[in-house]
Amino acid sequence: MINKTSVLYIILMALLSSCGQHDRYVLIQGYAQGGTYSVKYNTLGKDGRIRLSPEEVRSAVDSILESIDNTLSGYNKGSLLSRLNSGDTIEFTPGGMLDEIYGMAASFYEETDGALDVAAGPLFDIWGFGFTTDSMPSPDKVRETAASCGMGRLKKDMKQAARNGRVDAACLLGTNAGNTSAARGEKTPEPTLPVLNFNAIAQGYSCDLVARYLYGIGVKDMLVDIGEIFCDGVNPAGRPWRVGIDRPFDGNDTPGQDLDGIWESPSAPCGIVTSGNYRKFYVRDGHKYSHTIDPRTGYPVEHNLLSATITAPTATEADAYATYCMVIGLDNAKQFISDNAGRLTGYLIYSDEDGNMCEWASEGFSIAGQ
């Protein structure tokens, strides 16, 4: 569904040859969202042994991920999202995936003052980081595209827009739906229909949906990796789950090949996501253009923050806030994480004025050996 390379690498514990707790853990794997997924869980659940076989669990996980692809994928041209973006009227289910993720996106948009904007899809397209292969737009093109973006133009709740169990892009427009220029605040009389792109949160959301299913069948110890990660409980050795954080240098395209540190999970449910600009970018005339776009300006960000790793109670939140930190830069990211201590932790890797790679960890972010 989402062609976004994971910047996390699971440090899988080697299974011991002796009998014991290790034998109760199962690893299921498959293909999803343009890559692979893996789910490791303890078959001894909170109320005894999980009754479903690993084959049944894998079938259920595959079904969940297929449903996500058919609903939220911008690359699957037959998905509900693609059809909505193309102008079709689609089926709407209150409380369904599209309804739920749209509501989350609206909340993130408000919380971040527009820095996280799922209605900024056209900006990512014109820079070549969305669902098209364009690149290097002119300032006029950026200005024109930015004028048609912004979740502030839309209704906050998709249920408000639905009519007789169906919804289309036109009915998502709110009362202030005029195309508002980010540069001059100008309005045009006929608003452009919205184009949505959930890439900033959809992989984290996918992890949460799979975890929700696993909790439903009684699992208590789990690690779900679908490009982003959600974990709870302990690993097969009875210890915290361990996740490697890659060193964010250009050309480090293999997760786990060169690690900056290893995070250890807390005892509570936790999503962990890293966002960075060292794997998706292009260089034109000696200038690097990263895939992180600030929807408030319409341009790729330019600052010294190389990667942001965020932990949060859900993978959706971790996914969103990791992206947000990459939009706002080092100092603002530090402040945001510190202001949300107790709910979030963070690990920021940045370059100093001499070009050296440096790290900052918030209180509560556990790095093994540190």
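Right above here is the structure, for reference.
Note that the structure is predicted; figures quoted are calculated from it, not measured.

S.K.: Looking at this structure, I do not really get the pairing of strand β9 (residues 229-232). What am I missing?
M.R.: The two faces of the sheet receive side chains in turn, since in a regular strand these alternate between them. The two faces of β9 match: Ile 229 and Cys 231 on one face and Phe 230 and Asp 232 on the other face are all buried. Alignment of strand β8 (residues 222-225) against β9, held across four bridges, turns out to be antiparallel. When the sheet's bridge partners are listed, Asp 225 is paired in β9 with Ile 229. Hairpin connection, β8 to β9: the antiparallel pair is bridged by three residues, and Gly 227 has positive phi, about 90°.

S.K.: Explain the side chain of Asp 168 here, please?
M.R.: Within the element layout of this structure, Asp 168 appears in the loop between β7 (166-167) and α7 (169-172). With no salt bridge to any partner, buried Asp 168 finds its closest opposite charge in Arg 163, at an N-O distance of 4.7 Å. At 3.1 Å, the side chain of Asp 168 and the backbone nitrogen of Ala 170 are in polar contact. Here the side chain of Asp 168 touches Cys 171 through a polar contact of 2.9 Å, landing on its backbone nitrogen. If we skip the residues at most four places from it in the chain, Asp 168 touches Leu 84, Asp 88 and Thr 89.

S.K.: Could you clarify how one ought to interpret the packing of aromatic side chains in this entry?
M.R.: Each pair of aromatic rings is reported with the distance of its centres and the angle of its planes. Using the criterion set out here, one finds seven aromatic pairs in the structure. Where Tyr 321 meets Phe 336, the ring centres are 5.3 Å apart and the plane angle is 55°; that geometry is what we call tilted. With Tyr 321 in helix α9 (residues 315-328) and Phe 336 in helix α10 (residues 330-339), the pair connects residues that are 15 residues apart, well separated along the chain. One aromatic cluster is present, built from ring pairs that chain together Phe 108, Tyr 321, Tyr 324 and Phe 336.

S.K.: Would you mind going over the sheet that holds β9 with me for this structure?
M.R.: Strands pair in a sheet through their backbones, by hydrogen bonds, and they do so in one of two ways: parallel or antiparallel. The eight strands lie next to each other as β2-β3-β8-β9-β12-β17-β18-β19, forming an open sheet whose pairing is antiparallel. What marks the edges here is a single partner per strand, and that holds for β2 (25-32) and β19 (357-361). Neighbour-to-neighbour, the strand axes of the sheet open up by a mean angle of 10°, direction not taken into account. Across five bridges, strand β18 (residues 345-351) lies against β19 in antiparallel orientation. Each residue of the ladder has a partner; that of Ile 349, found in β19, is Glu 359. Taken strand by strand, helix α1 (residues 54-72) contacts β2 and β3 (35-42), and its axis lies near 30° from that of β2. Against the sheet, α9 engages β9, β12 (270-276) and β17 (305-312), with an angle of about 155° to β17.

S.K.: Would you take a moment to explain unusual backbone geometry for this structure?
M.R.: Leaving glycine aside, a negative phi is the common case for residues, and trans is the common case for peptide bonds. The backbone of Asp 113 sits at a positive phi, close to 55°, despite the residue not being glycine. Note on placement: Asp 113 falls in the loop between α3 (97-111) and α4 (121-126). A relative accessible area of 64% means that Asp 113 is categorised as exposed. Backbone geometry places Asn 164, a non-glycine residue, at a positive phi of 55°. Within the element layout of this structure, Asn 164 appears in the loop between α6 (158-161) and β7. Residue class for Asn 164 comes out exposed when judged on its relative accessible area of 82%.

S.K.: Mind showing me how you'd approach α1 here?
M.R.: In an α-helix, one full turn covers 3.6 residues, which means residues spaced three or four apart are oriented alike. With 19 residues, α1 should cover 27 Å at 1.5 Å per step; its first-to-last C-alpha distance of 27 Å lies within 8% of that length. Burial in α1 covers these residues: Val 57, Val 61, Ile 64, Leu 65, Ile 68, Thr 71 and Leu 72. For α1, the angular spread of buried residues about the axis comes to 125°, placing them on one side. Across α1 from its buried face, at more than 90 degrees, point the exposed residues Glu 55 and Glu 66. Buried residues along α1 sit against β2, β3, α2 (80-85), α3 and α8 (199-216).

S.K.: What am I meant to see in the packing of α3 against α9 here?
M.R.: Helix packing geometry: the angle between the two helix axes and the distance between the axes. The N-to-C vectors of α3 and α9 enclose an angle of 40°; their axes lie 12 Å apart at closest approach. Taken together, the axes of α3 and α9 lie oblique to each other. Handedness of the crossing formed by α3 with α9: right-handed. Residue-level contacts link Met 104, Phe 108 and Glu 111 of α3 to Thr 316, Glu 317, Ala 320 and Tyr 321 of α9. Residue composition of the contact of α3 with α9, by class: four nonpolar, one polar and two charged.

Each value, and the rule that gives it
Residues numbered from 1 in each chain as written. Predicted model: local features only at pLDDT ≥ 70, side-chain atom pairs only at ≥ 80, totals over all residues. Heavy atoms only, no water. Buried < 20%, exposed > 50% of the residue type's maximum accessible area, 1.4 Å probe, protein only. Helix = DSSP H or I, 4+ residues; strand = E, 2+ residues; numbered from the N terminus. Pairing = 2+ DSSP bridges. Lys, Arg positive; Asp, Glu negative; His and termini not counted. Salt bridge = Lys/Arg side-chain N within 4 Å of Asp/Glu carboxyl O. Polar contact = N/O pair within 3.5 Å; in protein donor to acceptor, adjacent residues only side chain to side chain. Contact = heavy atoms within 4.5 Å. Phe/Tyr/Trp six-rings, centres within 6.5 Å; stacked < 30°, edge-to-face > 60°. Axes fitted to C-alpha atoms, helices over the stretch in contact; angles between N-to-C directions. Expected span 1.5 Å × (residues − 1). Arc of directions from axis to C-beta. Parallel < 35°, antiparallel > 145°, perpendicular 65-115°, else oblique. Left-handed = near helix turned anticlockwise from the far one by under 90°. Nonpolar A, V, L, I, M, F, W, Y, C, P; charged D, E, K, R; others polar.

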